[in-house]
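Descriptive analysis of the structure
Below are the chains, spelled out letter by letter.
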Amino acid sequence: MELEQAKITIQELRDKINEANNHYYVENAPLISDYDYDMLMNELIALEKEFPELVTEDSPTRKVGSDISDKPVQQRGSAKFAQYYHRYPMLSLGNTYNIQEIEEFAERASKSIGGVFTYSCELKFDGVAICLTYRDGVLYRALTRGDGTIGDDVTENVKHISNIPQKLSGIGWPQEFEIRGEIYMPYKAFDRLNQEREREEEQPFANPRNAASGSLKLIDPKEVGKRGLECTLYHVLGENLPFPTHDAALKSAMKWGLPVSDKRRICRNIVDIEEYIRYWDTERKLLPFATDGIVIKINELGHQRELGYTAKAPRWAVAYKFKAEQALSKVLSIDYQVGRTGAITPVANLEPAPLSGTIVKRASLHNADQMELLDIRVGDYAYVEKGGEIIPKITGIEESKRQPGTQKPVFPTVCPDCGATLVRNEDEAKWFCPNTDGCPTQIKGTLVHFLGRKAMNVIAGDATIEQFYNLGYVRNVADFYDLNAYQLLQLEGWKERSAQRFLTSLQESKETPFEHVLFALGIRYVGESTAKSIAKHFGDIDSIMKASREDLLKAPDVGEIIADSVVSWFADPKHIEIVDRLRKAGLKMKVGVADEMVSSVLADKTIVISGNFSVSRDEMKHLIEVNGGKNSGSVSSKTAFLLAGEKAGPEKLKKAADLGVQVISEEEFRAMLPSQDVKAEEAATTPAASNISIQLTLF
Ligand code: IVH
C-alpha cells in the first residue's frame, strides 16, 4: 500500500474504532460485534507496523477505550461523576481467538522466565471493569476504568451492589490496597430489566454488558441497587503487598469477604491451559452470567513484575476469546434497511430463537455480496451469531434443511424508503441510496448526527428528532435553530421544562468549536479527526468552500476520496444555503482564537512528548501545534527533541539516548516559546483541571 492510501485507511480505521469505542464504553450501545472490532484493531496494528511514521500517540492501538461520560447530568439518566486519577494505570488485555497464539504466549513466557512457574486461568467476565480501594478495611473509593488514567467515581453506586462489602471481614488486610474486577449483570436480572424497559417503552439494552455499564452510571444509587448487579474481583494491587502469587492474593481477598470467582484453576503447562479452555468453551453456556473468554495470567508476582507492561496491556496475561455462540433459525422474510449514509443493509426476519440469553428475531446479512456468498433464501435455516451488536448476523445456512422450490431473493434496485435508483461505487460492498437530502431515513440520520455528542452536543434523543421530522418542524439541520417554545410544547410529553432545557442546549451549542461544526455537517468520509485537520488547515468555512480538490489534498490526512467528497458537498447550492443559515444563527464558522497559530518557533520540528506535565498532555500537544511544531508518538532519528515530563517512559528515554535525540524538560520547552503564552496558563486554571488536582490531593 502507498503511504497516501495508508494514511487514509489508518485514519478511517481509527475513526471507526474510536466511534465503536464511544458506542461501547460511553453510549452502552455497541455499534459492531466484538469480533469485528478486534479485526479492525488487528488491521490497524498491522498497518501501523508497516508504516511506523504514521503512528500517533492518540491512536486507539496505544490507549484503552474510554468510558468517561462527559454528558450533562440530565441526559439518558446517566450522571456526570467526579473523576480521579488511577494510582496504577488501568490497562486492557491482549486478546486472541486463536489457540496457537496462546501457545506462543506460553512459549514466550517460558523463555523469558526460564525456571518453573505456573499460570492462573480464569473466566473472562463480560461486564465493566471496576477498581475498588479499601483503606483501613473500609471501602474508600470505586472508580471505573475511564480512559485508563482517570476514572469516574462511582463509589456511592457501588455501595448498593450487594456482594461488594463496605467493610472487610477477617484479619490481615493491608492498610490500603486496590482490588480490581468486573461488575456484571446476570442473565436473570438482565431479562427482568429489559422486560421492564419494554413495558415502559424504553429502548432495551443490547446485552448484559451494556446493561451493567448503563446501570453503574445511574444518577440514583438506590436505583443501581435495584438492578441486580454483581461483582467479581480478580486483581489485587498495592505497595509492598506480602503475597508471592496472584492466587495467594485472591485467596486472601476471599477470606476478607471479597467476591472472587471459584472457577479459577492453577495450570502448570499449555496442556492444562487448553483443557481449561475446552471445558469452559461448552460449560460456560450453563453459567448464569455472560463470559467472553478465558484469561491466562502468570501466577508468580515476581515474574509478573519482570515481564511488565506494554503501553496498553500487561505482558504477563492474555485473553483467549470465545467465538460467538450460534443459533439455527428459519428465515421468514428479508427486509432492506436504509442507514444514515444511505447504505442499504439486508436484514433477515427469523423465527424467534434463543441465543446467548436473549431471543433473536432479526439478523443482518450485511450486503448483496454476502447474500450471494451465503446463497440465502427465504425458508432456509440460517446460523446466527451475536457479538456485541444489537442486530446479530447470519454466518451460514444449513443446506441439508433447504426445501425444494425456494427462490433466490432479488436485491432491490430502488431505495425502499424514497424510491431513488440505488448506486454502488467501485470498491464499495454496499448499495447506496444517492438521494441524501431527500430520503427520509437519511435526513433523519443527518439530523441525529448533527445534534450528536461529538458534533453539536445538543440534548435530544433519536425519538425526539424523529418527532421534529414527522411534524415537519425540521427538514434540514439549519431548521433546528428556528424551533420555538410553542412548537416544542406540541410534542408528545413535552412540558415547559423540557422545552426550556432543549432550547438552552441549542443555544449553548452555538459555542461549539468550528471543527465540531464541520464534523456535524455530516459530509461523507469527514470523520471527527479529518474535520479537525481540515478546519485547522483552512481556518474558516469560506476557505473550505472555495477550496479546490488540489487545495484540499494539501491538508494533512486528506486524500483523494475525502477531497472529492468535500468538493461535491459544497458544490450543492442547498448545502451552501444551510451553511449560510447556520452562520446567521450564530454557529462558529472559523477556528477560535485559541486554535490560531501563536508562533512558528517550532516550525519543521517533530516533537515527541512523554510523561506528565503541569497541564494535560493534550494541552502540551496543542502548545506544540500552535507554535508550528508537529507531534509524533515515537522517537526516531527525525525527532527534534523528546519533551519529557515527570515519569517519562523509560523506553522513549532510552531510544532518545540511543539515537542522540535531545531530551528537554517542560521548563526548558516553555523557555523556547514566546513569553505571553496565555493558552497554557488558562488551561492550568480551567475548572476541570483544577477540580482534578483538588481531588487528587484528597486521594
Ligand atoms: S485481568 C491489567 N482477569 O477484560 C489487566 N481481566 O478485555 C488485568 N476481564 O480490562 C485484567 N475478566 O475488564 C482480568 N478474570 C479477568 C477478567 C478480566 C474480565 C476484563 C477486564 C479487562 C478486559 C480486557
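Residues numbered from 1 in each chain as written. Predicted model: local features only at pLDDT ≥ 70, side-chain atom pairs only at ≥ 80, totals over all residues. Heavy atoms only, no water.

1. A few points about the sheet that holds strand E7 (residues 176-184)
One open sheet holds the four strands; their spatial order is E5-E4-E7-E8, and the pairing between them is antiparallel. One side of each edge strand has no neighbouring strand; the edge strands of this open sheet are strand E5 (138-144) and strand E8 (230-237). Pairwise comparison of adjacent strand axes, ignoring direction, gives a mean angle of 30° for this sheet. Taken together, the seven bridges between E7 and E8 define a ladder with antiparallel strand orientation. Of the residues in E8, the one forming a bridge with Glu178 is Leu237. Sitting on the sheet, helix H6 (residues 208-216) touches strand E4 (128-135), E5 and E7, and the angle it makes with E4 is about 45°. Strands E7 and E8 of the sheet are contacted by helix H8 (residues 246-255), whose axis makes an angle of about 130° with E8. (Pairing = 2+ DSSP bridges. Helix = DSSP H or I, 4+ residues; strand = E, 2+ residues; numbered from the N terminus. Axes fitted to C-alpha atoms, helices over the stretch in contact; angles between N-to-C directions. Contact = heavy atoms within 4.5 Å.)

2. A few points about the packing of aromatic side chains
Per the counting criterion, the structure on display carries 20 aromatic pairs. Considering the side-chain rings of Phe117 and Tyr119, the 5.1 Å spacing of their centres and the 70° angle between planes classify their relative orientation as edge-to-face. Here Phe117 matches Tyr119 in class, with each residue buried. Ring geometry for Tyr336 against Phe411: centres 5.1 Å apart, planes inclined by 75°, an arrangement best described as edge-to-face. Here the residue Tyr336 occupies a position in strand E12 (residues 326-338), and Phe411 occupies one in the loop between strand E16 (393-397) and helix H12 (440-451), the gap between them amounting to 75 residues. Judged by its relative accessible area of 16%, Phe411 is buried. Here the aromatic cluster, defined as three or more aromatic residues joined through ring pairs, consists of Phe450, Phe468, Phe480, Tyr481, Trp494 and Phe502. (Phe/Tyr/Trp six-rings, centres within 6.5 Å; stacked < 30°, edge-to-face > 60°. Buried < 20%, exposed > 50% of the residue type's maximum accessible area, 1.4 Å probe, protein only.)

3. Description of the sheet that holds strand E19 (residues 639-644)
Taken in spatial order, the four strands of this open sheet run E18-E17-E19-E20, and their pairing is parallel. Strands at the two margins of the open sheet, each flanked by one partner only, are strand E18 (630-632) and strand E20 (662-664). In this sheet, adjacent strand axes meet at a mean angle of 35° when their direction is disregarded. Across three bridges, the pairing between E19 and E20 is parallel. Bridge assignment links Leu642 to a residue of E20, and that residue is Val663. This element, helix H22 (residues 617-626), spans strand E17 (606-610), E18 and E19 of the sheet and lies at about 165° to E17. Its contacts with the sheet put helix H23 (residues 650-659) on E17, E19 and E20, and the angle it makes with E19 is roughly 145°.

Read these as spatial facts, not as claims about activity.
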